[in-house]
Amino acid sequence: MIARLAGICAGALLIVGCAHRAEVGSTSAAYEVRRDRVQSSKAYVAVSSDLATLEKTVKPGHICGPHNFPVALGPAIKTSIVRTVSGAHSSVVPISTASEAGRDGVLYTFALDDFNPRLRFQPGFFVPTADASVEISIKTTAVSADGRELATTTVRGFGQESLDGQCPVGAEALGKATEKAIRVSLENFVARVINQRLD
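Below: a short report on this structure. As a convention, each chain's residues are numbered from 1 in the sequence order in which they are written. pLDDT decides what is reported in this predicted model: residues at 70 or higher carry local features, side-chain atom pairs at 80 or more are listed and counted, and totals for whole chains, interfaces and linings draw on all residues regardless. Side-chain numbers come from the whole structure's heavy atoms, not from hydrogens or water.

Description of the overall build of the protein chain
Part 1: The way it works is that DSSP assigns letters per residue, a run of H or I at least four long becomes a helix, a run of E at least two long becomes a strand, and they are numbered from the N terminus. If you tally the helices and strands in the protein chain, you get 4 helices and 7 strands.
Part 2: Written out in order from the N terminus, the α and β elements of the protein chain read α-β-α-β-β-α-β-β-β-β-α.
Part 3: For the protein chain, buried positions account for 45% of its 199 residues.
Part 4: In this analysis, two residues are considered to be in contact whenever any of their non-hydrogen atoms come within 4.5 Å of each other. Taking contacts inside the protein chain between residues at least 6 apart in sequence as the whole, the part at least 24 apart equals 73%.
Part 5: Accessible areas in this description were obtained via Shrake-Rupley with a 1.4 Å probe; residue shielding takes into account the shown protein chains only. Summed over all atoms, the accessible surface of the protein chain reaches about 10,100 Å², with 55% contributed by carbon and sulfur. Partly exposed describes any residue whose relative accessible area lies between the buried limit of under 20% and the exposed limit of over 50%, with all areas from a 1.4 Å probe on protein chains only and scaled to the type maximum.

Topic: the pattern of salt bridges
Part 1: Salt bridges are counted wherever a side-chain nitrogen of Lys or Arg sits within 4 Å of a carboxyl oxygen of Asp or Glu. A complete count under the given rule lists 7 salt bridges for this structure.
Part 2: Residue glutamate 55 is joined to arginine 21 by a salt bridge in which the shortest nitrogen-to-oxygen separation is 3.1 Å. Within this pair, whereas glutamate 55 is found in strand 2 (residues 55-58), its partner arginine 21 is found in the loop between helix 1 (2-16) and strand 1 (39-47), the two being separated by 34 residues in sequence.
Part 3: Owing to a relative accessible area of 44%, arginine 21 belongs among the partly exposed residues under this scheme.
Part 4: The closest approach of N and O atoms between lysine 180 and glutamate 161, which form a salt bridge, is 2.6 Å. Of the two residues, lysine 180 is situated in helix 4 (residues 169-194) and glutamate 161 in strand 7 (residues 149-164); the sequence distance between them amounts to 19 residues.
Part 5: For glutamate 161, a relative accessible area of 15% puts it in the buried group.

A word on the sheet that holds strand 7
Part 1: Here, strands pair whenever DSSP counts at least two bridges between them. Read across the sheet, 5 strands follow the order 4-1-5-6-7 without closing on themselves; strand pairing throughout is mixed. Whereas interior strands pair on both sides, the edge strands pair on one side only; in this sheet they are strand 4 (89-95) and strand 7. Between one strand and the next, the sheet's axes are offset by a mean angle of 25 degrees, whatever the strand orientation.
Part 2: Here strand 1 pairs with strand 4 via 6 bridges, running parallel. Bridge pairing in strand 4 places glutamine 39 opposite histidine 89.
Part 3: Helix axes are fitted to C-alpha atoms over the stretch in contact, other axes to C-alpha atoms as well, and angles between N-to-C directions run from 0 to 180 degrees. Sheet contacts for helix 3 (residues 74-85): strand 1, strand 4, strand 5 (105-122) and strand 6 (129-143); angle to strand 1, the most-contacted strand, approximately 160 degrees.

Remarks on the pairing of strand 1
Part 1: Direction of pairing for strand 1 relative to strand 5: parallel, over a ladder of 6 bridges. In the strand pairing of strand 5, alanine 43 is matched with valine 106.

Details of the packing of aromatic side chains
Part 1: Classification of ring pairs rests on two measures: the distance between centres of Phe, Tyr or Trp rings, Trp counted by its six-membered ring, which must be within 6.5 Å, and the angle between planes, read as stacked under 30 degrees, edge-to-face over 60 and tilted in between. Scanning the entire structure with this criterion turns up 4 aromatic pairs.
Part 2: Seen in terms of ring centroids, phenylalanine 69 and phenylalanine 121 are 6.1 Å apart; in terms of plane orientation they differ by 40 degrees. Their pairing is tilted. Of the two residues, phenylalanine 69 sits in strand 3 (residues 69-72) while phenylalanine 121 sits in strand 5, which places them 52 residues apart along the sequence. For the residue pair phenylalanine 69 and phenylalanine 121, the accessibility class agrees, reading buried in each case.
Part 3: Judged by centre distance (4.7 Å) and plane angle (90 degrees), the rings of phenylalanine 125 and phenylalanine 126 are edge-to-face.
Part 4: The structure contains a cluster of three or more aromatic residues connected by ring pairs, namely Tyr108, Phe110 and Phe189.

A look at the state of the cysteines
Part 1: Cysteine sulfur atoms are paired as a disulfide whenever they fall within 2.5 Å. Taken as a whole and assessed by the stated rule, the structure comprises 1 disulfide.
Part 2: In this model cysteine 64 forms its disulfide with cysteine 167; the gap between the sulfur atoms is 2.0 Å. Between cysteine 64 and cysteine 167, the S-S dihedral sits near -85 degrees, and the bridge is therefore left-handed. Taken together, the residues span a long stretch of sequence, with cysteine 64 in the loop between strand 2 and strand 3 and cysteine 167 in the loop between strand 7 and helix 4 at a distance of 103 residues. Like cysteine 167, cysteine 64 is buried.

Brief notes about the side chain of threonine 153
Part 1: Looking at where threonine 153 falls in the secondary structure, it is placed in strand 7.
Part 2: Those residues within four positions of threonine 153 in sequence are excluded, and the remaining contacts are Ile138, Lys139, Thr140, Arg192 and Val193.

Some details on unusual backbone geometry
Part 1: The phi angle at cysteine 64 is positive, at roughly 65 degrees, despite the residue not being glycine.
Part 2: You can call cysteine 64 buried: its relative accessible area is 8%.

These results come straight from atomic positions and should not be treated as a statement about function.
Written out as structure tokens, the structure is:
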């Protein structure tokens, strides 16, 4: 009896404790930079701590309900921002705060506005389908080397991905949807800041 109870408890712990981390790859929207906006100059990139360390755990609802899906956005978006800005400037210096920027280049700042990842599983004939959608919005500014504000805006991105499979496939769907949302938000950043700002 004791052995049976121990087995039941161990099984319950496995069900309750199933966490599937979404792997989010870095991306870039440097391809959106207009040729006439490419400069042989330095740029500083400051990503706020709330954005650089952003992580959220997603619960999928009834199907696969005992599972949870942590999504760490921060490392991927920080790298993606630097890669994107590198499409417009010959040298990009990542910094922790705006106060660290030198007076020899444009300063771009990025801060979290909203991050909303969602995951639902739809029943299927053999296996369920994981439907992931992610919305992100980022507050960004551009400041010239002499301290003039060049742009202030909020850019948004949306990503969606559907994959068939057992519960763990939800992590892959979330990772791909998040990467798409990052890429779209950075495409909007290029269009609304880099390609439009005045020198």
